[in-house]
Amino acid sequence: MAAAGSAVGLGNIWRFPYITGKYGGGAFVLVYLAIVIIIGSSLMLAEFAMGRRAKLDSVGAFKKLGGGAWPIVGWMGFFCGFVILSYYAVIAGWTLAYMFKSFGGLMEAAAAGKAGDVFGAFVSDPLQAIAYHGVVMAIVISVVYRGISGGIERSCKILMPALFFILILLIIRSVTLPGSTEGLRFYLLPDFSKLTGEGVLAAVGQGFYSLSLAMGIIITYGSYLGKHEYMPKMTSTIVLLDTCVAIMAGLVIFPAVFAFGVDAGAGPGLTFVTLPIVFAKMPMGAFFSFAFFALLFIAAITSAFSLLEVVVTFAIDELGWSRAKSAVVMGIAIALLGVPSALSVGGHFPKICGKDFLDAMDFITNNAVMPVGGMLTSFFVGWIWTKGAKDEVTNFGEHDFPFYTAWLWVCRVVAPVCIGLIFITGLKW
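Remember, it's a predicted structure, so these values are computed and weren't measured experimentally.

A. Region of the structure containing the overall build of the chain. Across its full length, the chain holds 19 helices and zero strands. The globule rule puts the C-alpha radius of gyration for 429 residues at 22 Å, and the 21 Å found for the chain is close to it. C-alpha extents for the chain along the principal axes are approximately 60 × 50 × 40 Å. When contacts within the chain are restricted to residue pairs at least 6 apart in sequence, long-range pairs at least 24 apart make up 82% of them. Here the chain contributes 26 positive and 22 negative side-chain charges, whose respective centroids are spaced 3 Å apart.

B. Region of interest: the packing of helix α10 (residues 181–188) against helix α13 (residues 231–259). Where α10 contacts α13, the two axes come as close as 7 Å, and the packing angle between them is 140 degrees. Taken together, α10 and α13 sit at an angle that is classed as oblique. Remark: the crossing between α10 and α13 carries right-handed chirality. Contact residues: α10 offers Glu-182, Gly-183, Leu-184, Phe-186, Tyr-187 and Leu-188, while α13 offers Ala-246, Ile-247, Gly-250, Leu-251, Phe-254, Pro-255 and Phe-258. When the residues that make up the contact of α10 with α13 are grouped by side-chain class, the tally is ten nonpolar, two polar and one charged.

C. Representation of the pattern of salt bridges in the model. With the rule as written, the count across this model stands at eight salt bridges. The salt bridge partner of Glu-392 is Arg-53, with a shortest N-O separation of 2.8 Å. Here Glu-392 is found in helix α18 (residues 386–393), whereas its partner Arg-53 is found in helix α3 (residues 26–54), with 339 residues between them in sequence. A salt bridge links Arg-185 to Glu-182; the shortest N-O distance between them is 2.4 Å. With Arg-185 and Glu-182 both in helix α10, this residue pair falls three residues apart, about one helical turn. Given the relative accessible area of 39%, Arg-185 is considered partly exposed. Judged by its relative accessible area of 43%, Glu-182 is partly exposed. Salt bridges linked by common partners bring Arg-52, Arg-53, Lys-387, Asp-391 and Glu-392 together as one network.

D. Summary view of the packing of aromatic side chains. Enumeration according to the criterion identifies 30 aromatic pairs in this entry. Consider the rings of Trp-70 and Phe-380, whose centres lie 4.8 Å apart with planes at 55 degrees: the pair is tilted. Taken as a pair, Trp-70 in the loop between α4 (58–65) and α5 (71–101) and Phe-380 in helix α17 (residues 357–384) lie far apart in primary sequence, 310 residues in all. Judged by relative accessible area, which is 0%, Phe-380 ranks as buried.

E. Here's a closer look at the side chain of Asp-57. With respect to the helices and strands, the residue Asp-57 is situated in the loop between α3 and α4. Among the polar contacts made by the side chain of Asp-57, one reaches the main-chain amide nitrogen of Val-59 at a distance of 3.0 Å. Of note is the side chain of Asp-57, whose polar atom sits 3.3 Å from the backbone nitrogen of Gly-60.

F. Layout of the nonpolar core. Grouped together as the largest cluster of nonpolar side chains are 160 residues, with contacts concentrated most on Leu-163, Phe-292 and Trp-407. Ranked by residues supplied to this core, first place goes to helix α15 (residues 285–319) with 21 residues. Beyond its immediate stretch of four places on either side in the chain, Trp-407 contacts Ser-42, Leu-45, Ala-46, Val-381, Ala-389, Val-393 and Phe-401.

G. Summary view of the side chain of Thr-386. In this fold, Thr-386 is placed in helix α18. Excluding residues that lie within four positions of it along the chain, Thr-386 makes contacts with Val-381, Tyr-404, Leu-408 and Arg-412.

H. Inspection of the packing of α3 against helix α11 (residues 197–210) at higher detail. Orientation of α3 relative to α11, taken along the N-to-C sense of each, is 45 degrees, at an axis distance of 8 Å. Accordingly, the angle class assigned to the pair α3 and α11 is oblique. For α3 against α11, the interelement crossing comes out right-handed. Judged by residue contacts, Phe-28, Val-31, Tyr-32, Ile-35, Val-36 and Leu-43 of α3 engage Gly-199, Val-200, Ala-202, Ala-203, Val-204, Gln-206, Gly-207, Phe-208 and Ser-210 from α11.

I. Fine view of the state of the cysteines. A full pass over the atoms with the stated rule returns zero disulfides. In this model Cys-418 remains outside any disulfide bridge; the closest cysteine sulfur is found in Cys-411, 12 Å from its own.

J. Fine view of unusual backbone geometry. One non-glycine residue, Met-284, lies in positive phi territory at about 55 degrees. Topologically, Met-284 is positioned in the loop between α14 (269–280) and α15. Given the relative accessible area of 59%, Met-284 is considered exposed. Non-glycine residue Cys-353 carries a positive phi angle of around 55 degrees.

What counts, and where the lines are drawn
- Every chain is numbered independently, its residues counted from 1 as its sequence is written.
- Residues qualify for local features only when their pLDDT is at least 70, as the model is predicted, and side-chain atom pairs are given and counted only at 80 or more; totals for whole chains, interfaces and linings, by contrast, use all residues.
- Water and hydrogen atoms play no part in the side-chain values, which are based on all heavy atoms of the structure.
- Numbered from the N terminus, helices here are DSSP runs of H or I no shorter than four residues, and strands are runs of E no shorter than two.
- Note that the radius of gyration is over C-alpha atoms, with the globule rule given as 2.2 Å times the number of residues to the power 0.38.
- Pairs of residues are marked as contacts when any of their non-hydrogen atoms sit within 4.5 Å.
- Only four residue types enter the tally: Lys and Arg on the positive side, Asp and Glu on the negative side, with His and both chain ends excluded.
- Positions of charges follow a simple convention, taking NZ of Lys, CZ of Arg, CG of Asp or CD of Glu.
- Axis lines are fitted through C-alpha atoms, for helices just across the contact stretch, and the angle between N-to-C directions can take any value from 0 to 180 degrees.
- Note on terminology: angles under 35 degrees are roughly parallel, angles over 145 are roughly antiparallel, angles of 65 to 115 are roughly perpendicular, and the others are oblique.
- By the definition used in this description, the sense in which the near helix is turned from the far one sets the handedness, with an anticlockwise turn below a right angle giving left-handed and a clockwise turn giving right-handed.
- Note that Gly is not counted as nonpolar here; it falls among the polar residues with everything else outside the nonpolar set of Ala, Val, Leu, Ile, Met, Phe, Trp, Tyr, Cys and Pro and the charged set of Asp, Glu, Lys and Arg.
- Any carboxyl oxygen of Asp or Glu within 4 Å of a side-chain nitrogen of Lys or Arg constitutes a salt bridge here.
- Per-residue accessibility, obtained with a 1.4 Å probe over protein chains only, is compared with the maximum for each type, and a residue is labelled buried under 20%, exposed over 50%, and partly exposed between these values.
- Stacked, edge-to-face and tilted are the three classes for Phe, Tyr and Trp ring pairs, Trp counted by its six-membered ring, which pair at centre distances within 6.5 Å; planes under 30 degrees apart are stacked, over 60 edge-to-face, the rest tilted.
- What qualifies as a polar contact is a pair of N or O atoms within 3.5 Å, subject to a donor-acceptor requirement within protein and to the restriction that residues adjacent in sequence count only when both atoms come from side chains.
- Think of a nonpolar core as a cluster: buried Ala, Val, Leu, Ile, Met, Phe, Trp, Tyr and Cys residues, connected wherever their side-chain atoms sit within 4.5 Å.
- For the purposes of this analysis, a disulfide is any pair of cysteine sulfur atoms at a distance within 2.5 Å.

Below is the structure:
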């Protein structure tokens, strides 16, 4: 449940719908599903295997299993966990704020066509932006402080079912709106004439990032696994849960935006600017707006737990700190790094190479460090640590893994090539 909570995040509910809308709907969804099943699940299994064998954080795992220069790949995961959480908590703060705004004038403003003004005023207020960011980080630190089973897993056992309940509620409301059929047709019926090469690469990137790969998260969680856990089955369960949430999020959004004539490819603003307009036109709009942003907050906070856990485990394993010290010190450091991101969207922090600080951090991690880390991890498991990987995924012969050969060659060739294309193309974007 902790790993599933990590995988299910803003990428599923915030990013997946607008990327799907941008690249043509149903055809993009099919490609995305294929990528997740073939590449995403393969790399997740590889990271779980490394974590369980090493019983260490991502840096320690590469140091123990590979030695030499391989720990650099682990450092990439640590870097991504640290930096991504710093701005991820900012966006999570926005979702928390919008839960309250749903009953505080957002619907009236959206009905008058001023949803963009509400968002602009919010992110431009430095006190609000920093305060909500700080609240999110305080919640994350307090949960990770308690550990995997006592904090993260227990929280996810409550939050994950709540997430599915809210999703189902919103789907029922969305698909019963007059005019929602067009949205379902766009989303579920593939039209390959709308799919471009850029769209295929976007599907690879979305599947890769959605599953929390190459951030050190899965290696870290793998280090807590018992020796009798059958990892292929566990991996497929996590991938299934993650994919279900993404598909269900589309069933919430596309029927609604088509029902009210909103642009399905509106981009990142689809969530905070466009969707409030949709909710404002619904009966009980404030309630459904609150439910949606509560859903988004749950998805964001469960992933945030995992990102901090990567950094905390590193401090415990490599620096010898206690969990309490690691959670508090690292959490505060990450919160401080997030302040420029909170300020930058409202124009209160200098741009970096023409990008807001938040966008720059996102570009560095998602378009550069993560693809390289994922490519090298896949290569390492497929070519360097092959014998150890086979022992782990079959539990030293205790279980038969019928797809072992296919999985090995995905790690050796398919994943590195596809991820390499993401990296090259991502830098151009």
